[in-house]
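# Structure at a glance
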Amino acid sequence: MNPRRRFLHLLAGCGFGWGLCGCTFGRFVRRNGSGRVVVVGGGYGGATAARYLKLMNPDLTVTLIEPRDSYLSCPGSNETVAGLKDMSTLVRSYDSLRRELDIKTVNAQVARLDRSRRRAVLTDGAEVPYDRLVLSPGIDFRWDAIEGYDEAASRTVPHAWRAGPQTALLTRQIRTMSDGGVVLITAPPNPYRCPPGPYERASLIACYLKKHKPRSKILILDAKTRFSKQPAFEQAWRELYGDMVEWISSEKQGRLERIDAVARTVETEFDAFRPDVLNVIPPQKAGALAETSGLTDASGWCPIDPVTFASPYDSAIHIIGDACRAAPMPKSAFSANSQAKVCAAAVVASLAGEPPPQPLLINHCYSFVAPDEAISITGVYGYSRNDGQLETRSAGETSPHGDRLREAIYARAWQRNFRTDVFGY
Ligand SMILES: Cc1cc2nc3c(=O)[nH]c(=O)nc-3n(C[C@H](O)[C@H](O)[C@H](O)COP(=O)(O)OP(=O)(O)OC[C@H]3O[C@@H](n4cnc5c(N)ncnc54)[C@H](O)[C@@H]3O)c2cc1C
C-alpha cells in the first residue's frame, strides 16, 4: 500500500485518531471530575489544550496565561518575508476561546512555577493555583552555541524564528538588498522548531528575488547532512529557480565556527562568507520557564510520558509542543496540536479518576515552494509494544514529481481549518 493510502487507511481505521483530529470527540466528553487546569503559553499547543480541555469537560476551570494579547503565527511567516502576505494575517485572537468556551485568559508572563504549592507565579507576584498545569512555552535559543551570535547580535542579524519584529527585520533586509546580492541562511542541527522551515524560507525568498532581483543568490549553510522533504525541495528549486538556491551540507563546509554580526561575516571550518543578508537560525532548546522550573534534562528539552505528556519530575505538570521531547514527532504546530488533544484527554480522564486513552498522534506539514505550489510530509505515531514510547506507524511525503499545485490547495485549506481547530474561529 502506498504511504498516502496507508495513512488514510490508518486514520479511517482508528476512531480515536479521528476523534482527536477534531471530527468527533463525543465519547471523551465527561462531566464527572472538576478541577482547575492552568495552561501556560497561548501558542498552537497551549491554545489547543485550553480549547479541548473545555470541549472535553465543560465543568473544568481552565485558565490560559499568555503575555501577548494575541498570538503571532510562525506558520505563514515565511510567506510574509517573501512579500506574499501581510503580517496582519499572522495574528490569532483569543476572543473565541474566552467568549464561546468561558476560558479565562490572563495577560501576563509566568515568572516561575511553585511546584510544591501548585501555583504559577506571575511577574507581578500574583499566584494562579492549579490542580494540573499544561506547559507549552515553545522554544528558546542556545545563545552560547555559535561564537559571536547572541540576542544582541540578532537585533541586526535576524533569526526570524519567532514571528514578529524579527520577521519584519528580515523582510526589510531582503527588500533593501540590491540585485546580485547573496542571502545566506544558516540551518540548525536537529532537533529544532519546524524541520522544513529553513528550506521553505529559501524557496519563498527565491520566488521574490526571481521576480525583483533576478541576479541574486541564496545559500543555505546547513549543520546537517540531509533535511526534511529534501528530494521534493531540490526538484522544486531546480524547476522553479534554476541555480539560484544552493544548499551546502555540513559535510562540505564543516562546523559553523563564528559569526561577526557587525562585519556580517560567517566562518566555517573550511571557508568564510560575507553575504548581503544574513539569517542565522540558531540551535534551540525548550522555552526558558521549562528549564528554570527543573522540567528539562541534559538535552535541553522536557522528557514526558508520551501517553499523558506528564513530566517524570512532576505528575501534576504536562508539557506539550516544541518544548517536549516526543521524537519521532517533529516540532511543528500540527504536532503541538495533536499532542495537546492527547494531553487534554489524559488530564480530563485523570481528574475523573479514569485511566488515560492511548490514541494515535498525527503530524502533517505543508511547505510552500512558490505562491501556488506546495509539498508536504505526513507521519502517524503510536505506542511501541516494547517500551511504550512513540513510534512511527506510517509516514509519507510528496514525491519529487508530485502535484505541487494540488498540494497548495490542500495547504490553504489546512491553514483555514487548523486556525479554527486551535483558536476557534
Ligand atoms: C518560519 C516557521 C514556519 C513554520 N511553519 C509551520 C507550518 O507550516 N506548519 C507547522 O505545523 N508548524 C510550523 N512551524 C512550527 C510552529 O510554529 C511551532 O512548532 C509551534 O508554534 C509550536 O507551538 P508551541 O505551543 O509549542 O509554541 P509557540 O507557538 O511558540 O507558543 C508558545 C507560547 O508560550 C508563551 N510563553 C512562553 N513563555 C511563557 C511564560 N513564561 N509565561 C507565559 N507564556 C509564555 C509565548 O508567548 C508563546 O505564545 C513553523 C515555524 C517557523 C519558525
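Residues numbered from 1 in each chain as written. Predicted model: local features only at pLDDT ≥ 70, side-chain atom pairs only at ≥ 80, totals over all residues. Heavy atoms only, no water.

### So, the overall build of the protein chain
Looking only at helices and strands, one finds 12 helices and 23 strands in the protein chain. Computed over the C-alpha atoms, the radius of gyration of the protein chain is 21 Å, within 12% of the 22 Å expected from 2.2 N^0.38 for a compact globule of 425 residues. Along the first, second and third principal axes, the C-alpha set of the protein chain runs to 65 × 55 × 40 Å. Counting every position in the protein chain, which comprises 425 residues, the buried fraction comes to 57%. (Helix = DSSP H or I, 4+ residues; strand = E, 2+ residues; numbered from the N terminus. Rg over C-alpha atoms; globule rule 2.2 N^0.38 Å. Buried < 20%, exposed > 50% of the residue type's maximum accessible area, 1.4 Å probe, protein only.)

### A closer look at the site of the ligand
Residues in close proximity to the ligand total 35 residues, the closest being G45, E66, Y71, R193 and D322. Within the backbone of S332, a nitrogen or oxygen atom sits 3.4 Å from an oxygen atom of the ligand. The backbone of F334 places a nitrogen or oxygen atom 3.0 Å from an oxygen atom of the ligand. Taken by itself the ligand offers 1000 Å² of open surface, and the protein chains cover 93% of this. Of all the secondary structure elements, the ones that give two or more residues to the shell around the ligand are helix 3 (44-56), helix 4 (77-81) and helix 11 (333-351). The dominant element in the shell around the ligand, judged by the number of residues it contributes, is helix 11, at 3 residues. Across the shell around the ligand, the residue classes tally to 18 nonpolar, 11 polar and 6 charged. (Near = heavy atom within 4 Å. Polar contact = N/O pair within 3.5 Å; in protein donor to acceptor, adjacent residues only side chain to side chain. Areas by Shrake-Rupley, 256 points an atom, 1.4 Å probe, with all protein chains shown as cover. Nonpolar A, V, L, I, M, F, W, Y, C, P; charged D, E, K, R; others polar.)

### Structural notes on the confidence of the model for the protein chain
Overall, the prediction assigns the protein chain a mean pLDDT of 93, with 92% of residues at 70 or greater. A low-confidence stretch, residues 1-24 stays under pLDDT 50, and its non-local contacts, those more than four residues away or across chains, total 43 contacts. (pLDDT = per-residue confidence, 0-100. Contact = heavy atoms within 4.5 Å.)

### Focus on the sheet that holds strand 12 (residues 217-222)
Pairing within the open sheet is parallel, and its 4 strands lie in the order 13-12-11-17. A strand with exactly one partner marks an edge of an open sheet, and here the two such strands are strand 13 (245-248) and strand 17 (277-280). Taken over all neighbouring pairs, the strand axes of this sheet differ in orientation by 15° on average, direction set aside. One ladder, built from 4 bridges, connects strand 12 with strand 13; its direction is parallel. Bridging from a neighbouring strand, I220 pairs with W247 of strand 13. Here helix 7 (residues 197-212) sits on the sheet and contacts strand 11 (182-187), strand 12, strand 13 and strand 17; the angle it forms with strand 11, its principal contact strand, is near 170°. (Pairing = 2+ DSSP bridges. Axes fitted to C-alpha atoms, helices over the stretch in contact; angles between N-to-C directions.)

### Topic: unusual backbone geometry
Among all residues except glycine, the phi angle is most often negative; among peptide bonds, the trans geometry is most common. The peptide bond linking N190 to P191 adopts the cis configuration, its omega dihedral lying at -10°. Examined against the element boundaries, P191 turns out to sit in the loop between strand 11 and helix 7.

### Quick notes on the packing of helix 3 against helix 12 (residues 404-423)
Put simply, helix 3 and helix 12 touch, their axes get as near as 7 Å, and they point 60° apart. By the criterion of interaxial angle, the relationship of helix 3 to helix 12 is oblique. Residues Y44, A47, T48, R51 and Y52 of helix 3 touch helix 12, and the partners they reach there are F418, T420, D421, V422 and F423. When grouped by side-chain class, the residues that make up the contact of helix 3 with helix 12 number 6 nonpolar, 2 polar and 2 charged. (Parallel < 35°, antiparallel > 145°, perpendicular 65-115°, else oblique.)

### Focus: the sheet that holds strand 22 (residues 373-383)
Spatial strand order, 21-22-23: 3 strands in an open sheet with antiparallel pairing. What marks the edges here is a single partner per strand, and that holds for strand 21 (361-370) and strand 23 (390-397). Going across the sheet, the axis of each strand differs from the next one's by a mean of 20°, ignoring polarity. The pairing of strand 22 with strand 23 spans 7 bridges and is antiparallel. The residue bridging Y383 from the neighbouring strand is L390, located in strand 23. Sheet strands in contact with helix 8 (residues 230-241) are strand 21, strand 22 and strand 23, and its direction is about 15° off that of strand 21.

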